[in-house]
There are 2 protein chains.
Amino acid sequence: MVSFEGLRLNSGSPIYRQIVLYLKKGIASGHIADGEELPSRRVLSALLGVNPNTVQKAFGILEEEGMIRSHSGARSFVKADSDVAGRIRMELTLEQARALASSMKQMSVTREQTLELIDRVWGEEE
Amino acid sequence: MVSFEGLRLNSGSPIYRQIVLYLKKGIASGHIADGEELPSRRVLSALLGVNPNTVQKAFGILEEEGMIRSHSGARSFVKADSDVAGRIRMELTLEQARALASSMKQMSVTREQTLELIDRVWGEEE
DNA sequence: AAAACCGTATTAGTTGTATAATACGGTTTA
DNA sequence: TAAACCGTATTATACAACTAATACGGTTTT
């Protein structure tokens, strides 16, 4: 069963997108495996303290994008073979690295400063 | 006069927030200097193709946060001495570096992989 | 078979974002 | 001084995101 304990919702972006991204990252990292069972919409919405429809929207998107499979009436399952996981991982990491580089350039932060900053921040506690 | 030519609006986040962030980054980089004149709400909204109220919302936030000053009737000006600029720069870069580190960790990407990825992406054309 | 659970769908209400039209009084400028 | 421009404010409308309550039929479980 996929655990959503690590999901900390914030108000910066729509909740359904945070749920989608959480599952994508889980697949990318390998923490969420192919064929794994998902909690039901009702159970997950209660766990996260959000509306069942919000979870349904997230799961609907995930199914459209081919990352889960749902049969009406039964539980849903993760669909993430190694090819899919590798592709998602590549997409997400590239996208985020590019966004950071672009943003730092806008602030006239050099490549060296950026690398040093990330290296330093990496060791911080949360 | 502050130029907003580099501002490319996208649909990923609210427009007023994009305007706020653009000016903050400009101050952080030093491209937007203390005391510089800002375009009027009407002129800027026409330039960006958005509603004057959207620009007003962004400028209202910027004034609340002490990054511009407005006198009713006259133009507005940037308020960004070196202390302010340095503080904003520190806040934004730290925030973004932390977000990236956190995100990469969620995908089980190592520190070395992250640094290598950013180093590689930095040299890409846009 | 019956109960419990599931995915899915519908309708309604609230909030935030953005547009649109307009108005008021203060400042600049010709 | 008068025109033009400015910051600011108000009201109305539209749409997306989110919440809420409810319902239907299919699947699992006992």
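Above this note sits the structure.
What you see is a predicted model, and the numbers here were worked out from it, not measured in a lab. (Residues numbered from 1 in each chain as written. Chains lettered and ligands numbered in written order. Predicted model: local features only at pLDDT ≥ 70, side-chain atom pairs only at ≥ 80, totals over all residues. Heavy atoms only, no water.)

S.K.: Quick question: what am I supposed to make of the relation of the copies chain B and chain A here?
M.R.: Both copies of the chain are related by one operation, a rotation about an axis with a shift along it. The transformation that overlays chain B on chain A combines an axial shift of 0.1 Å with a rotation of 179 degrees, and the residual RMSD is 0.2 Å. Put plainly, the chains are arranged around a two-fold axis. The rotation axis passes nearest to the C-alpha of L115(B) in chain B, at a distance of 3.1 Å. Taken as a fraction of all interface residues of chain B, those also at the interface in chain A reach 100%, which identifies the copy contact as same-surface. (Least-squares fit on C-alpha atoms with pLDDT ≥ 70 in both. Contact = heavy atoms within 4.5 Å.)

S.K.: What should I look at first to understand the protein's contact with DNA strand C in this one?
M.R.: Close contacts around DNA strand C come from 26 residues, with R41(A), R42(A), A74(A), I15(B) and N53(B) the closest. Put simply, 63% of the atoms of DNA strand C that lie within 4 Å of the protein are in sugar or phosphate. R17(B) places a side-chain nitrogen or oxygen 3.3 Å from a phosphate oxygen of DNA strand C. Elements represented by at least two residues in the surface near DNA strand C include exactly helix 2 (41-48) and helix 3 (52-64) of chain A together with helix 1 (15-29) and helix 3 (52-64) of chain B. Of the residues that constitute the surface near DNA strand C, the class distribution is 6 nonpolar, 13 polar and 7 charged. (Near = heavy atom within 4 Å. Polar contact = N/O pair within 3.5 Å; in protein donor to acceptor, adjacent residues only side chain to side chain. Helix = DSSP H or I, 4+ residues; strand = E, 2+ residues; numbered from the N terminus. Nonpolar A, V, L, I, M, F, W, Y, C, P; charged D, E, K, R; others polar.)

S.K.: Please explain the protein's contact with DNA strand D as it appears in this structure.
M.R.: The local shell around DNA strand D holds 26 residues, among which P14(A), Y16(A), N53(A), T54(A) and R41(B) are the closest. By atom count, sugar and phosphate contribute 63% of the portion of DNA strand D lying within 4 Å of the protein. N51(A) places a side-chain nitrogen or oxygen 3.3 Å from a base nitrogen of DNA strand D. Across the surface near DNA strand D, the residue classes tally to 7 nonpolar, 13 polar and 6 charged.

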